[in-house]
Amino acid sequence: MFRTAQLVIALSLVLVGCGSSGVSSDEDARRAYEGLDDSIDKAITLGFQGFNAATSANVAPQTANGAKTGTITISGQVDQGASTNKTMNLIEELKDYSDDGEITYNTSETLPVLSMKLSKVPTGTLEGSLNGRFTMAGALEGDLTLSLTFTGELQPSPVDETEVERKPGTTHITGTATSGDGNYNVDLTR
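Reading the values: rules and limits
- Residues numbered from 1 in each chain as written.
- Predicted model: local features only at pLDDT ≥ 70, side-chain atom pairs only at ≥ 80, totals over all residues.
- Heavy atoms only, no water.
- Core = buried A, V, L, I, M, F, W, Y, C linked by side-chain atoms within 4.5 Å.
- Buried < 20%, exposed > 50% of the residue type's maximum accessible area, 1.4 Å probe, protein only.
- Helix = DSSP H or I, 4+ residues; strand = E, 2+ residues; numbered from the N terminus.
- Contact = heavy atoms within 4.5 Å.
- Expected span 1.5 Å × (residues − 1).
- Bend = angle between axes of the 7 residues up to and from the residue.
- Salt bridge = Lys/Arg side-chain N within 4 Å of Asp/Glu carboxyl O.

1. A closer look at the nonpolar core
Thinking step 1. Within the largest apolar cluster, 41 residues are counted, with the highest numbers of intra-cluster contacts made by Met116 and Leu146.
Thinking step 2. Among the elements that take part in this core, helix H2 (residues 26–53) stands out by supplying 10 residues, more than any other.
Thinking step 3. In this view, Leu146 contacts Tyr33, Leu36, Ile40, Leu130, Asn131, Gly132, Phe134, Thr176 and Ala177; residues no more than four positions away in its chain are not counted.

2. Focus on the environment of Thr145
Thinking step 1. Relative to the helices and strands, Thr145 is located in strand E7 (residues 142–156).
Thinking step 2. Between the alpha carbons of Thr145 and Ala32 there is a distance of 9.9 Å; along the sequence they are 113 residues apart.
Thinking step 3. Setting aside residues up to four positions removed in sequence, Thr145 forms contacts with Gly132, Arg133, Thr176, Ala177 and Thr178.

3. Some remarks on H2
Thinking step 1. The terminal C-alpha atoms of H2, which comprises 28 residues, lie 40 Å apart, in line with the 40 Å expected from a rise of 1.5 Å per residue.
Thinking step 2. Largest kink in H2: about 40°, centred on Leu36.

4. Examining the pattern of salt bridges
Thinking step 1. Within the structure shown, the criterion is met by 10 salt bridges.
Thinking step 2. For Arg190, the salt bridge is made with Asp41, and the minimal N-O distance between the two is 2.8 Å. Placement of Arg190 in the segment after strand E10 (182–189) and of Asp41 in helix H2 is noted, with a sequence separation of 149 residues between them.
Thinking step 3. Overall, the relative accessible area of 25% leaves Arg190 in the partly exposed class.
Thinking step 4. Judged by relative accessible area, which is 17%, Asp41 ranks as buried.
Thinking step 5. One salt-bridge network, held together by shared partners, links Asp37, Asp41, Arg166 and Arg190.

5. A closer look at the environment of Thr174
Thinking step 1. In this fold, Thr174 is placed in strand E9 (residues 172–179).
Thinking step 2. Each C-alpha atom, one on Thr174 and one on Leu148, is 5.6 Å from the other, the two residues being 26 residues apart in sequence.

Pasting the structure below:
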């Protein structure tokens, strides 16, 4: 009986150790979000690159590297025509993406959706959202679901005034990052 009790305790410790990389708190959800935080700026920037380069309604895939590993790719569609109001409906794909080298993110078959509405291009405003699920491996494991909205101002590109970009310091991002038992409320300005 003593050996059985020891075996049960040892097995319990092993199982607890195996689950330690999962998200089990709001603090873990914050860490999970922060590992993706820079990718949100990259996604929006890639969306603008695709918008500026588009010669049709299709946005050709725009790709950037993670700071440590992997890639982020944005593609989709944008309104065409002479209107100064534009809508972009984009998808985001991550492949072994990591900015911190601790958590690696991937997307599955159902890709996260990045939507942006540009009003009064090139000096108007930006409204958008990023919604979807990301799979984590490494220091944290499991799924992370983002439900984010953002607003900001637009400006002509200083390099090419026929192109538009986000005005630095005006993008306000809010929403939630949820994983396992953890939830992180996002509220920041870039």
